[in-house]
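Chain by chain, the residues run as shown.
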Amino acid sequence: MALSARLLALRGSPFLYKLPPYLSALCVLVGIGWILLLPLNEYSRQTYVSENAILPGQVHTYFGGSEHNIFRAFRQEVYALSQQSEDARQAGVLKVLADSGLKTASQPYAYQVAGESINGTNVYGILQGPRADATEAMVLLAAWRNFDDQINYSGVALALTLARYFSRWSIWSKDIILLIPSDSTYGPLAWVDAYHSICIPPTASRNISAVPLKAGALQAAVALDYPAGPWGQRFSSLDILYDGLNGALPNLDLLNTAVSIASGQMGIACTLHNHGTHSDSYRDRLSVLGSGLATQSLGHATGPHSAFIPYHVDAITLKTVGDGWHDEMSLGRVTESVFRSINNLLEHLHQSFFFYILLNANRFVSVGNYLPAAMVLAGSFTISALGLWVLSGRDDVLVAPLAGGMAKEKVEMETVKLGSDVALVPRQSTRTIQRELFVPALSLLGVHILGYIPLWLMTSLSRENLLLGLRTTTAVTLLLPLALAATIRLTRSQAQMLQSLSLILLGALLATLATLNFSLALVLGVLAAPLAFVRRSSSALVAAAQGILLAVTSPPVAVYALQRMFYPAAGLEKLLLELAKGWSAQGVWLLWVVWGVWWPAWIVGGVVVGSGVMSASSEPR
Amino acid sequence: MEAVTKLYHEHPRTVLFSAAATLRLALPLAFPALPDLLSARVEISTPVNSFKRLHEGIFLFEHGLDPYDGGIFHQAPLLLPLFSLLPASTSVLGRLASILLFTILDVLSADCLHAIAASGTATVSSVFSSPRKTQAWQPLTVAAVYLLNPFTILTCLGRPTTVFTTFFTLLSIRHATEGKLQTSAFALAIASYLSLHPALLLPPIGLLCYDQLCKSREPVNDTDGLKSPMKHASSQTDRPKVLDFGIRFFSCFLLTAALLLALSRVLLPSFAFLPSVYLTPLRVPDLTPNPGLWWYFFIEMFDPFRSFFLGVFWLHMLSYSVPFCLRMRKQPLAAVVSMLGITAIFQPYANVGEAGAWLSCLTLLSHTFEVSSTHRYTFPAVAVLLYTSLLGPAFHHLWLYAGSGNANFFYAITLVWNLALLIILTDTVYSVLRDEWEAERPEGKGKEVRQI
């Protein structure tokens with residue numbers, strides 16, 4: 001009774017109105033600090049194979065001996081084909097596949113993005129498993145050109161050798177599809193899209209033909225990336241790529257299987273995100289975690305495997321790195337063993353984690369440990385929004401001192417009886433004012449609709465104009481808040497309501513995003529964090545400081561920073577083109593999140609700051 | 001611009017209705033894939049109202065087969081001839097025609113809400129007059145909230161047949177506020193014929209209609225909240241007999257329902273529609289996910305306990321109807337709106353459309369919003385609704401498409417969604433009762449509630 005009465009008494013306390021910004025700030029700090037804790041042993045775990053049926057590395061691999069000669073022959077063949085025209089190359093690959101006893105087919109595709117066209121043909125063959133009932137299949141991928149646009153000589157040759165080798169085994173209880181796309185991103189994308197559709201009507205940006213041959217439901221896909229030339233090149237370690245489109249991840253069991261086979265059975269070191277020297281120190285773990293967050297938040301394809309993951313086909317790419325003593329036969333035996341493990345599966349990979357952050361090939365953080373970071377960040381916006389909503393319903397006189405104003409009017413007091421106690425409180429604190437919600441709600445809707453203009457610009461302009469588009473957007477973005485503040489002329493209460501509604505929407509969208517793409521939500525939460533703290537202020541100094549803070553963390557500036565920090569070699573135009581390709585061809589949401597979620601929230605933050613300046617200039621003290 | 005403002009000031013209702021209709025027709029024109037996408041969403045389409053299932057029924061019906069044979073179609077038979085008149089919905093024209101039909105229904109529903117709000121029944125009944133009656137929203141605002149509610153718009157494009165139920169329920173309430181016994185019972189019977197659960201509204205709507213009849217017999221009264229007991233007693237004699245009224249209302253309802261069922265039998269080869277339409281909500285055989293509370297519970301249920309819990313769940317829903325009427329007898333419209341909320345939240349095949357329509361109907365009680373926004377949790381609850389309406393589809397995607405989540409994800413979100421709706425419902429009940437209490441004790445205004 002006493003406690004609840006005390007809590008109830010707190011409800012009217014002015015202390016509560018001051019609290020939300022501090023709580024929000026605490027949430028932001030906790031969110032960022034949380035991430036920094038994750039690499040510690042207490043918050044991460046050793047990976048383990050969770051699905052019993054996989055039995056990684058439990059079989060003897062027979063790939064070797066005379067297969068090596070066949071591999072070398074195929075490598076020469078691939079080299080010879082690479083010297084020929086595209087059509088002859090495809091015909092040659094198809095012939096090799098058919099000679100190994102596979103049913104073959106090809107699928108042309110074309111994408112049109114930003115005035116550029118991406119053309120190619122997927123060549124593939126289906127090896128019908130002797131013990132398979134054509135309901136399940138696994139995919140072995142070797143793109144003709146790897147992700148760095150080098151010709152994947154040894155990768156394709158190894159895949160062809162393995163196809164020939166696999167076709168002699170009687171153990172396959174799933175069909176094996178050998179897929180050789182022209183490139184590493186759009187070929188697999190076109191193929192997997194067509195594989196899972198009855199028909200794909202051509203659009204302005206996409207024209208892919210149907211897949212003439214199909215096997216069963218795809219269980220897993222493994223891509224080989226081994227661009228060593230016709231004379232071979234030994235490698236030191238395997239880099240395992242696992243990020244799917246839009247931050248989706250393959251089941252951790254597939255990755256664990258590959259790691260345990262490569263390092264346990266074959267003694268090949270495995271790395272992630274190309275971190276060659278991993279000493280398992282806090283620093284190295286944090287750096288892998290950072291790379292993981294970066295690639296996941298961008299959500300673009302990182303290899304041929306990426307396109308499969310949105311279709312719930314677990315996929316990884318094995319990429320050879322460095323110069324060492326492992327040869328192509330070791331990679332072949334790893335692949336063989338991985339396929340034997342997938343072959344063992346009785347049902348789709350489901351046992352292990354789908355949400356994880358890897359710290360190195362053997363250590364991960366599970367969703368329960370990391371999700372709170374993004375949720376707490378999203379929560380900081382909601383807390384600020386609730387605080388602002390309550391403030392927006394209070395009289396100006398009471399709120400003015402809290403909001404930093406100078407009003408020192410005599411406050412009318414009234415007595416409040418609570419049981420036997422009598423208290424003298426300012427009259428205004430017991431009153432709420434009628435909120436005028438119409439203008440803020442309409443402005444918020446308007447700004448959100450406006451966000452589709454930069455989105456359209458950044459995805460539809462041709463390559464040459466993208467840079468101009470970004471510059472225009474930057475200029476307009478930085479000026480728009482002042483212009484809007486000057487035209488709409490919000491009152492204090494309306495500005496608070498506008499900010500409150502915008503923050504609550506941002507918080508809800510970020511929380512939703514955190515369940516789909518944790519990293520993007522986290523990064524965006526950190527970048528947008530200032531939006532929860534900007535306030536309308538009539539002081540020019542405070543307004544200027546807030547304005548500068550906002551300008552530095554604005555969406556277009558972030559695009560510039562992204563290029564400077566992460567892609568210094570590639571020009572800004574190249575980055576914009578990749579982003580546009582990601583949106584139009586790969587279906588990556590990143591740009592929508594930036595221009596449709598973050599940008600409107602940022603504009604509203606700017607309008608709130610700007611409205612303070614406007615109100616100060618219109619009524620000089 | 002001036003012409004528009006002038007037009008708005010002269011015919012505000014026309015402008016609002018045409019704007020809402022334009023929005024509903026422009027959206028499918030701009031995004032042709034949107035209506036079919038929404039029709040396929042489990043949040044909007046349930047086994048008993050899905051537009052796609054309706055088309056299965058129409059196909060069988062047009063080919064001379066019993067539409068209830070397939071076990072897919074569970075909607076009222078009279079919808080079949082109505083929709084077979086429209087062009088096939090696979091064509092562009094057919095899609096637009098069906099959306100036009102649902103747009104007309106939405107506009108008519110909004111008109112009903114406008115009339116209900118304009119009648120002032122929410123604030124003044126025959127025995128009570130709210131001290132806050134000046135704070136009620138404009139009827140036009142009430143209609144606007146209904147028409148521009150995103151849930152209503154999405155539902156209109158998704159075209160579930162429960163939109164008909166909503167319309168006839170509102171029509172019944174409208175006639176009840178006009179004191180028209182027969183038409184009110186008639187409309188309610190159509191609504192119950194379509195969806196069964198509006199039958200639970202029989203007591204509150206009956207009470208509302210009775211109250212209006214009483215009010216219309218009295219001379220227009222003074223403005224103070226409480227009437228003197230003397231006058232109260234004298235007016236008692238003028239009132240229509242309760243029993244007499246009840247029997248007439250109920251028999252009107254039953255007659256209409258019987259007529260509709262007979263008409264359905266004429267259309268169809270057998271009585272097979274009866275179990276298919278009315279036993280489906282009662283026995284819940286189809287456990288397709290929906291935003292309600294039943295499906296997951298009955299998936300997990302062991303068969304021997306199934307009938308028992310079906311009884312418990314239905315009894316729970318039933319148990320509100322009469323108590324609301326007793327407690328809110330002075331404000332019958334509040335009882336109706338609360339009961340609408342109960343059915344929207346607790347019905348076995350809950351859907352966003354009915355929940356959204358109920359949320360819009362809450363604006364009929366707008367005079368009490370002041371109480372709930374100062375003393376209760378309206379804003380947090382609405383924020384939770386926003387969170388869940390974004391997280392719900394995301395979790396559904398993770399469960400069924402990405403494969404990285406499971407059914408618990410979606411069910412957890414539907415729990416939170418219903419929790420938020422329930423908080424809004426309890427807040428409404430609180431503020432309505434508090435309003436009534438403050439009319440009796442004006443000195444208690446603005447005080448905290450404490451147990452004495």
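Residues numbered from 1 in each chain as written. Chains lettered and ligands numbered in written order. Predicted model: local features only at pLDDT ≥ 70, side-chain atom pairs only at ≥ 80, totals over all residues. Heavy atoms only, no water.

Here is the rule we go by: UniProt positions are given in the numbering used here, feature names are shortened, and annotations may be inferred rather than shown by experiment.
In the annotation of an unreviewed UniProt entry, chain B is listed under the name GPI transamidase component GAB1 and assigned to Cryoendolithus antarcticus. Taken directly from UniProt, the Subcellular location (unreviewed entry) text for chain B runs: "Endoplasmic reticulum membrane".

Chain A carries the name GPI transamidase component GAA1 in an unreviewed UniProt entry, which gives Cryoendolithus antarcticus as its organism.

1. Side note on the overall build of chain A
Counted only if it meets this: Here a helix means four or more residues in a row that DSSP labels H or I, a strand means two or more in a row labelled E, and each is numbered from the N terminus. For each residue, the accessible area found with a 1.4 Å probe, counting protein chains only, is set against the maximum for its type, and the residue is called buried under 20%, exposed over 50%, and partly exposed in between. Whether two residues are in contact is decided by their heavy atoms, any of which lying within 4.5 Å being enough. In short, Shrake-Rupley with a 1.4 Å probe defines the accessible areas, and a residue's cover is counted only from the protein chains shown. When charges are counted, neither His nor the chain ends are considered; positive counts come from Lys and Arg and negative counts from Asp and Glu. Lysine's charge is taken at NZ, arginine's at CZ, aspartate's at CG and glutamate's at CD.
Counting secondary structure elements, chain A contains 20 helices and 14 strands. Structurally, chain A occupies a C-alpha span of about 95 × 55 × 40 Å along its principal axes. When burial is assessed residue by residue, chain A has 55% of its 621 residues classed as buried. Look at the contacts in chain A between residues 6 or more apart in sequence, and 81% of them connect residues 24 or more apart. Counting only carbon and sulfur atoms, one obtains 61% of the accessible surface of chain A, whose full area is about 25,700 Å². One finds the centroid of the 40 positive side-chain charges in chain A at a distance of 8 Å from the centroid of its 38 negative side-chain charges.

2. Notes on the overall build of chain B
The line we're drawing: We compute the radius of gyration from the C-alpha atoms alone; for a globule the expected value is 2.2 Å times N to the 0.38, where N is the number of residues.
Scanning chain B for helices and strands turns up 22 helices and zero strands. Radius of gyration (C-alpha) of chain B: 22 Å, near the 22 Å computed for a compact globule of 452 residues. Oriented by its inertia axes, the alpha-carbon framework of chain B measures out at about 65 × 60 × 45 Å. Buried residues in chain B amount to 55% of all 452 residues. Taking contacts inside chain B between residues at least 6 apart in sequence as the whole, the part at least 24 apart equals 75%.

3. Section: the environment of Phe71(A)
Residues and elements named next belong to chain A. Position of Phe 71 relative to the elements: it lies in helix 3 (residues 66-82). For Phe 71, a relative accessible area of 0% translates into the label buried. Expressed as a C-alpha distance, the spacing of Phe 71 and Glu 328, which sit 257 residues apart in the sequence, is 8.6 Å. If we ignore the near neighbours within four places in the chain, the residues touching Phe 71 are Ser 154, Ala 157, Leu 158, Thr 161 and Glu 328.

4. Some details on the packing of helix 7 (residues 252-265) of chain A against helix 9 (residues 328-344) of chain A
For any two helices packed against each other, one specifies the crossing angle of their axes together with the interaxial distance. Residue and element names in this part refer to chain A. For the record, the criterion: Axis definition: a line fitted to C-alpha atoms, over the contacting stretch in the case of helices. Angles run 0 to 180 degrees between N-to-C directions. Orientation labels follow simple angle bins: below 35 degrees gives roughly parallel, above 145 gives roughly antiparallel, 65 to 115 gives roughly perpendicular, and whatever is left gives oblique. Take the far helix as your reference; a near helix turned counterclockwise from it by less than a right angle gives a left-handed crossing, and one turned clockwise gives a right-handed crossing. Following the grouping adopted for this structure description, the nonpolar residues are Ala, Val, Leu, Ile, Met, Phe, Trp, Tyr, Cys and Pro, the charged ones are Asp, Glu, Lys and Arg, and the polar ones are all others, Gly among them.
For the pair helix 7 and helix 9, the least separation of the axes is 10 Å and the interaxial angle reads 135 degrees. On the basis of their axis angle, the class for helix 7 and helix 9 is oblique. Crossing angle aside, the handedness with which helix 7 passes helix 9 is right-handed. For the pair helix 7 and helix 9, contact is made by Leu 254, Thr 257, Ala 258, Ile 261, Ala 262 and Gln 265 and by Val 334, Ser 337, Val 338, Ser 341 and Ile 342, respectively. When its residues are assigned to classes, the contact of helix 7 with helix 9 shows seven nonpolar, four polar and no charged.

5. Digging into the side chain of Glu354(B)
Residue and element names in this part refer to chain B. The following threshold applies: We define a salt bridge as a side-chain nitrogen of Lys or Arg found within 4 Å of a carboxyl oxygen belonging to Asp or Glu. Whenever two N or O atoms come within 3.5 Å, that pair is a polar contact, provided that in protein one can donate a hydrogen and the other can accept it, and provided that, for residues adjacent in sequence, both atoms are side-chain atoms.
Within the element layout of this structure, Glu 354 appears in helix 19 (residues 352-361). Notably, Glu 354 is buried but unbridged: the nearest opposite-charge side chain belongs to Arg 53, and the N-O separation is 14 Å. A distance of 3.0 Å separates the side chain of Glu 354 from the side chain of Gln 347, its partner in a polar contact. When residues no more than four places from it in sequence are discounted, the contact partners of Glu 354 are Thr 162, Thr 166, His 197, Ala 344 and Gln 347.

6. Observations concerning the interface of chain A and chain B
Often, the extent of an interface is quoted as the loss of accessible area on bringing the components together. Quick reminder of the rule: The term buried area denotes the loss of accessible surface (1.4 Å probe radius) that occurs when two parts are joined, taken as the sum for both partners.
Across the boundary between the two partners, chain A contributes 24 residues, which contact 21 residues of chain B. Between chain A and chain B, roughly 2,000 Å² of surface is buried when both sides are summed, and carbon and sulfur atoms account for 70% of that area. On the surface where chain A and chain B come into contact, there are zero salt bridges. Taken together, chain A and chain B are joined by one residue pair in polar contact (both at pLDDT 80 or more). For the side of chain A that touches chain B, the secondary structure elements donating two or more residues are helix 10 (367-392) and helix 15 (492-516) of chain A. With 10 residues, helix 15 of chain A is the largest single contributor of residues to the side of chain A that touches chain B. Here the residues of the side of chain A that touches chain B sort into 15 nonpolar, eight polar and one charged.

7. A short note on the sheet that holds strand 11 (residues 356-360) of chain A
Residue and element names in this part refer to chain A. As a reminder, the rule being used: Here the rule is simple: two strands pair whenever DSSP picks up at least two bridges between them.
The sheet built from three strands is open, its strands ordered 1-12-11 with antiparallel pairing. The open sheet has two free edges, formed respectively by strand 1 (45-46) and strand 11, since each of these has just one partner strand. In this structure, strand 1 lies alongside strand 12 (residues 363-366), joined through two bridges in antiparallel fashion. Within the sheet, the bridge partner assigned to Arg 45 lies in strand 12 and is Phe 364.

8. Things to note about the confidence of the model for chain B
All names here are of chain B. Applicable threshold: pLDDT is a per-residue confidence score from the predictor, ranging from 0 to 100.
Predicted confidence across chain B gives a mean pLDDT of 89, with 94% of residues reaching 70 or more. The least confident element of chain B is helix 12 (residues 229-238), whose mean pLDDT is 52; the most confident is helix 9 (residues 162-177), at 96. Contacts from residues 222-231, a stretch scored under 50 in pLDDT, to residues over four places away or in other chains number 13 contacts.

9. Quick word on helix 9 of chain B
Residue and element names in this part refer to chain B. What counts is decided by this rule: Here the expected span of a helix is defined as 1.5 Å times the quantity of residues minus one.
Between its first and last C-alpha atoms helix 9 spans 23 Å; for 16 residues at 1.5 Å apiece the expected length is 22 Å, and the two agree. Across the 16 residues of helix 9, 15 count as buried, placing the element largely inside the fold. Just downstream of helix 9 lies Gly 179, where phi reads positive at about 75 degrees.

10. Observations concerning the nonpolar core
Here is the rule we go by: Here, nonpolar core means buried Ala, Val, Leu, Ile, Met, Phe, Trp, Tyr and Cys residues that are tied together by side-chain atoms lying within 4.5 Å of each other. Reported domain spans reflect what an automatic or database domain assignment gives.
Ile177(A), Trp191(A) and Phe308(A) are the most contacted members of the largest nonpolar core, which totals 127 residues. A domain split of this core shows at least three residues from each of domain 1 (2-37 + 372-618) and domain 2 (52-275 + 285-346 + 354-361) of chain A. Contact partners of Trp191(A), with chain neighbours within four places excluded, come to Gln107(A), Asn122(A), Tyr124(A), Val139(A), Ile177(A), Leu179(A), Val211(A), Leu218(A) and Phe308(A). Core analysis: the next-biggest nonpolar cluster, separate from the first, contains 106 residues, Leu188(B), Tyr278(B), Tyr349(B) and Leu365(B) among them.

11. What to know about the domain arrangement of chain A
All names here are of chain A. The domains assigned to chain A are domain 1 (2-37 + 372-618) and domain 2 (52-275 + 285-346 + 354-361). Using C-alpha coordinates to define each centre, domain 1 is positioned 44 Å away from domain 2. Taken together, the contact between domain 1 and domain 2 spans 29 residues of the former and 25 residues of the latter. At the surface where domain 1 touches domain 2, the tally comes to one salt bridge. Here Glu 116 and Arg 463 are joined by a salt bridge, their closest N and O atoms 2.7 Å apart. Scanning the region where domain 1 abuts domain 2 turns up nine residue pairs in polar contact (both at pLDDT 80 or more). Contributions of two or more residues to the side of domain 1 that touches domain 2 are made by helix 2 (14-37), helix 15, helix 16 (518-528) and helix 19 (572-586). The element best represented in the side of domain 1 that touches domain 2 is helix 19, accounting for nine residues. Its residues assigned to classes, the side of domain 1 that touches domain 2 comprises 18 nonpolar, eight polar and three charged.

12. Points about the UniProt feature "transmembrane region" (unreviewed entry) in chain A
Residue and element names in this part refer to chain A. The feature "transmembrane region" (unreviewed entry), as annotated in UniProt, sits at residues 21-40, 370-391, 437-457, 469-491, 503-528, 540-563 and 598-616 in this numbering. Here residues 21-40 runs as 85% helix and 0% strand, with 30 Å between its end C-alpha atoms. Regarding residues 540-563, the helix share stands at 92% and the strand share at 0%, and the terminal C-alpha atoms are separated by 33 Å.

13. Some thoughts on the state of the cysteines
Residues and elements named next belong to chain B. Our working rule: Only a pair of cysteine sulfur atoms within 2.5 Å counts as a disulfide in this structure description.
Scanning the model with the defined rule gives zero disulfides over all chains in all. Cysteine Cys 112 remains unbridged, with the sulfur of Cys 361 as its closest cysteine sulfur at 10 Å. Cys 209 takes part in no disulfide bond, and the closest cysteine sulfur, belonging to Cys 252, lies 9.6 Å away.

14. Thoughts on the pairing of strand 12 of chain A
Residues and elements named next belong to chain A. Here strand 12 shows two buried faces, one formed by Arg 363 and Val 365 and the other by Phe 364 and Ser 366. Examined bridge by bridge, strand 11 and strand 12 share four bridges and lie antiparallel to one another. Residue Leu 358 lies in a different strand from strand 12, and its bridge partner there is Phe 364.

15. Topic: the side chain of Thr317(A)
All names here are of chain A. Tracing the sequence through the fold places Thr 317 in strand 10 (residues 314-326). Residue classification places Thr 317 among the buried positions, given a relative accessible area of 0%. A polar contact of 2.5 Å, which involves the side chain of Thr 317, links it to the side chain of His 305.

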